[in-house]
Amino acid sequence: MGRRAWVSIGVFGGLLFIAAAWRLLVGGDGVGLPSSGIVWELRGVRLVAGLGVGAALAVAGVCLQSLLRNPLASPDLMGLAAGAGFCVTLAAYLSAGSDSGGVLWSSHGPAALVGSVGALVLVWWLGQRDWLIDPVAMVLVGVVVSVMLGAATVFVQQLMPDRGESVRRWAMGLLSDELGWTDVGILAALVLVGAGAAWLMAPAMDAASLSEDESRSVGVRLGRVRFALFLVAGGLTAASVVVAGPIGFVGLVCPHAARLMGGPGHRGLIIAAGLAGAALVVASDALVKSFTLGGGRMPIGVVTAAIGGPAFIWLLRRMRRGG
């Protein structure tokens, strides 16, 4: 990794430190250090959950952008988050309802993985033509699939005895206070494995950014690399959705921010994007904890959408101007 990559890692690491400190100081009773060990534990669990969810979504975004050679690819725009959310909601309905914070990895984890990978396969199949991919067309297909899966999720919620109230806030992106160390421990393990696998594949991802012939000429087996990226992106998205629901735009904004600052090399990009994603989710969680609205606290997905929506429009316009 070059000096530019190390600078970006240092910058996003510093932002993550500030966001983590802010999150530990913010609670329902105001700003300050907790006076109770239980409060320390609750804030610590949510902090670790935010770190894992943000890093997972950002690294998944890096993998998708490399896999599809599409700078607009992200877990939410390509339908992965919506697919995982639909399957988790369906699993909750089939198991007679489930609490949004009581995560059951044994049932919801496989459901989320099937939903995320299945949605990605569907979007790729519908977006390609003669095995060639149009980045803008694939984004449009991803948005349509996401909307359809979102409608299907609402339909399943209406079939629940409580009309989906147990999963409605989770579906907007939520870090629950009822998360436990077991939940975040499993998430952390999955993120470390997935991000570690992506980091090991970084040289192959650099080569895969070239043309097909150039990639194969340097010994890269594109089929294996793409299959591995499918699994890593799907697994990381599924893990984040199980814990926090579908949180949008983290996997789009953070890889681009890391790339603009640190350059395109994937070794440094994966680390910097993971730090940026963790900082964004933790800061968003601290922000929603700082304010109480009349109807309760905002979901984290509202904050990330407010940041990521304008960023997506800017990226799309920049891409169209570039031809």
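Note that the structure is a prediction, hence the values are computed from the model and not measured.

**Overview of the packing of helix α1 (residues 3-25) against helix α2 (residues 37-68)**
Working note: a packed helix pair is described by the angle between its axes plus the distance between those axes. Between α1 and α2, the least distance of the axes is 9 Å, while the angle of their chain directions is 150°. Considering the relative orientation of α1 and α2, their crossing is right-handed. Along its contact with α1, which presents Leu-16, Ala-20, Arg-23, Leu-24 and Leu-25, the element α2 presents Trp-40, Arg-43, Gly-44, Arg-46, Leu-47 and Leu-51.

**Topic: the nonpolar core**
Judged by nonpolar contacts, the single largest core of 69 residues is most densely connected at Val-53, Leu-64, Met-78 and Leu-175. Ranked by the residues each element gives to this core, the list is headed by α2, at 14 residues. For Leu-64, the contacting residues outside a window of four places in its chain are Arg-69, Ala-73, Ser-74, Pro-75, Met-78, Leu-80, Leu-120 and Ala-233. Counting residues in hydrophobic clusters, the runner-up holds 11 residues, among them Ala-81, Ala-92, Val-167 and Ala-238.

**Focus on the layout of surface pockets**
As a volume, the largest pocket reaches approximately 450 Å³. What lines the largest pocket is a set of 22 residues, among which Ala-82, Ala-171, Met-172, Pro-246 and Ile-247 lie closest to the centre. Here the lining of the largest pocket takes 6 residues from helix α5 (residues 135-159), the largest share from any one element. In terms of residue class, the lining of the largest pocket is made up of 12 nonpolar, 8 polar and 2 charged. Considering only enclosed or pocket space, the second largest pocket measures out at about 390 Å³ in volume. Considering the residues around the second largest pocket, the lining is formed by 17 residues, among which Gln-65, Asn-70, Pro-71, His-256 and Arg-259 are closest to the centre. Of the residues in the lining of the second largest pocket, the class split is 8 nonpolar, 6 polar and 3 charged.

**A few points about empty space enclosed by the protein**
Here the structure, examined in full by the defined rule, presents 2 cavities of 30 Å³ or more. Counted as a void, the second largest cavity has a volume near 50 Å³. In terms of lining, the second largest cavity is formed by Ser-66, Leu-67, Arg-69, Ala-208, Leu-222, Val-225, Arg-226 and Leu-229. Of all the secondary structure elements, the ones that give two or more residues to the lining of the second largest cavity are α2 and α10 (222-244). Sorting elements by how many residues they give to the lining of the second largest cavity places α10 first, with 4 residues. Here the residues of the lining of the second largest cavity are counted per class, giving 5 nonpolar, 1 polar and 2 charged.

**Some points on the packing of α1 against helix α11 (residues 250-262)**
It is the contact of α1 with α11, at a shortest axis distance of 8 Å, that shows an interaxial angle of 135°. Relative to α11, α1 is oriented oblique. Once α1 is placed against α11, the crossing between them reads as right-handed. For the pair α1 and α11, the contacting residues are Arg-4, Ala-5, Ser-8, Val-11 and Phe-12 in the first and Ala-257, Ala-258, Arg-259, Leu-260, Met-261 and Gly-262 in the second. Among the residues making up the contact of α1 with α11, the classes are represented as 7 nonpolar, 2 polar and 2 charged.

**Some words on the pattern of salt bridges**
Counted by the stated rule, this structure contains 2 salt bridges. Asp-285 is the salt-bridge partner of Arg-23, the closest N and O atoms lying 2.8 Å from each other. Of the two residues, Arg-23 is situated in helix α1 and Asp-285 in helix α12 (residues 266-290); the sequence distance between them amounts to 262 residues. Each member of the pair, Arg-23 as well as Asp-285, is classed as buried. Of the charged contacts in the structure, one is a salt bridge between Asp-285 and Arg-46, with a shortest N-O distance of 2.2 Å. Of this pair, Asp-285 sits in helix α12 while Arg-46 sits in helix α2, and the two are 239 residues apart along the sequence. Through salt bridges with shared partners, one network takes in Arg-23, Arg-46 and Asp-285.

**Examining the side chain of Thr-304**
Structurally, the position occupied by Thr-304 is in helix α13 (residues 300-321). Leave out the neighbours within four places in its chain, and Thr-304 touches Ile-247, Gly-248, Phe-249, Val-250, Leu-280 and Ser-284.

**Some thoughts on α2**
Relative to the 46 Å expected for 32 residues at 1.5 Å per residue, α2 spans 46 Å between its end C-alpha atoms, a close match to the ideal helical length. In terms of burial, α2 is a largely internal element, 24 of the 32 residues being buried.

**Observations concerning the packing of aromatic side chains**
For any two aromatic rings, the description comes down to two numbers: the centre-to-centre distance and the angle of the planes. Evaluated as defined, the whole model comprises 0 aromatic pairs. The ring of Trp-199 has Arg-267 sitting right over it, with the charged end atom 4.1 Å from the ring centre.

**Points about α12**
Between its terminal C-alpha atoms α12 stretches 35 Å, which fits the 36 Å expected from 25 residues at 1.5 Å a residue. Most of α12 sits out of view: 19 of its 25 residues are buried.

**A look at unusual backbone geometry**
Positive phi values are uncommon outside glycine, yet Phe-249 reaches one of about 75°. Here Phe-249 falls in the buried class, since its relative accessible area comes to 17%.

Calculation notes
- Residues numbered from 1 in each chain as written.
- Predicted model: local features only at pLDDT ≥ 70, side-chain atom pairs only at ≥ 80, totals over all residues.
- Heavy atoms only, no water.
- Axes fitted to C-alpha atoms, helices over the stretch in contact; angles between N-to-C directions.
- Helix = DSSP H or I, 4+ residues; strand = E, 2+ residues; numbered from the N terminus.
- Left-handed = near helix turned anticlockwise from the far one by under 90°.
- Contact = heavy atoms within 4.5 Å.
- Core = buried A, V, L, I, M, F, W, Y, C linked by side-chain atoms within 4.5 Å.
- Buried < 20%, exposed > 50% of the residue type's maximum accessible area, 1.4 Å probe, protein only.
- 1 Å grid on protein atoms, 1.4 Å probe; cavity = no way out; pocket = protein on both sides within 12 Å on 5 of 7 lines; lining within 4 Å.
- Points joined across faces, edges and corners; volume = space filled by probe spheres on them.
- Nonpolar A, V, L, I, M, F, W, Y, C, P; charged D, E, K, R; others polar.
- Parallel < 35°, antiparallel > 145°, perpendicular 65-115°, else oblique.
- Salt bridge = Lys/Arg side-chain N within 4 Å of Asp/Glu carboxyl O.
- Expected span 1.5 Å × (residues − 1).
- Phe/Tyr/Trp six-rings, centres within 6.5 Å; stacked < 30°, edge-to-face > 60°.
- Lys NZ or Arg CZ within 6 Å of the ring centre and 35° of its normal.

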